Amino acid sequence: QVQLVESGGGLVQAGDSLTLSCAPSGGTFSGLIVAWFRQAPGKEREFLSAVPWSSGGKYYSGSIKGRFTISRDNAKKAVLLQMSSLKPEDTGVYYCAADRNANTNYAKLASTYAYWGQGTQVTVSS
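Remember, it's a predicted structure, so these values are computed and weren't measured experimentally.

The rules behind these values
- Residues numbered from 1 in each chain as written.
- Predicted model: local features only at pLDDT ≥ 70, side-chain atom pairs only at ≥ 80, totals over all residues.
- Heavy atoms only, no water.
- Core = buried A, V, L, I, M, F, W, Y, C linked by side-chain atoms within 4.5 Å.
- Buried < 20%, exposed > 50% of the residue type's maximum accessible area, 1.4 Å probe, protein only.
- Helix = DSSP H or I, 4+ residues; strand = E, 2+ residues; numbered from the N terminus.
- Polar contact = N/O pair within 3.5 Å; in protein donor to acceptor, adjacent residues only side chain to side chain.
- Contact = heavy atoms within 4.5 Å.
- Phe/Tyr/Trp six-rings, centres within 6.5 Å; stacked < 30°, edge-to-face > 60°.
- Lys NZ or Arg CZ within 6 Å of the ring centre and 35° of its normal.

### A closer look at the nonpolar core
At step 1: Residues Leu 20, Val 34, Trp 36, Phe 68, Leu 81, Met 83 and Tyr 94 are the most contacted members of the largest nonpolar core, which totals 26 residues.
At step 2: Every element with two or more residues in this core is listed here: strand E3 (18-25), strand E4 (32-39), strand E5 (46-52), strand E7 (68-73), strand E8 (78-83), strand E9 (92-100) and strand E11 (120-125).
At step 3: Within the second largest apolar cluster, 9 residues are counted, among which are Ala 35, Ala 97, Ala 102 and Tyr 113.

If you want it as structure tokens, here you go:
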């Protein structure tokens, strides 16, 4: 069993930056892949980015690449999502998700991930 705790959400103005953190715990992290999704009001859950826990290439949604960056924080044992140039359209609940030994060919699909955090709210005002 893997537990995921998201933090870092809040209320910001358009153009601001924000960094979200996902801290996995429990079970083995061998082969773990960690992803970020978001769900805006009235919309389906959207894949943003993913990265293997230990090492490996990163995966990005084409819609946010260049504005959001996923990274590993080894000191905090967390996966970060650095967001810049935030827009009101970025408002939503941001979720961390993870799975062991997932097929990275399906990294962008929510159904790939067995473990989910509770989400952290990001609100971007105009």
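### Digging into the side chain of Arg 67
At step 1: For Arg 67, the position within the fold is in the loop between strand E6 (59-60) and E7.
At step 2: With relative accessibility at 14%, the residue Arg 67 sits in the buried group.
At step 3: Of note is the side chain of Arg 67, whose polar atom sits 3.1 Å from the backbone oxygen of Ser 85.
At step 4: When near neighbours in sequence (up to four residues on either side) are disregarded, Arg 67 contacts Gln 82, Met 83, Ser 84, Ser 85, Leu 86, Lys 87 and Asp 90.

### A word on the packing of aromatic side chains
At step 1: Inspection of every chain in the model, using the stated rule, returns 6 aromatic pairs.
At step 2: Ring centres of Phe 37 and Trp 116 lie 5.1 Å apart, and the angle between their planes is 50°; this geometry places the pair in the tilted category. Placement of the pair is Phe 37 in strand E4 and Trp 116 in strand E10 (residues 115-116), with a sequence separation of 79 residues.
At step 3: One aromatic cluster in this structure is built from Phe 37, Phe 47, Tyr 95, Tyr 113 and Trp 116.
At step 4: Taking NZ or CZ as reference, Arg 45 lies 4.9 Å from the ring centre of Trp 116, over its face.

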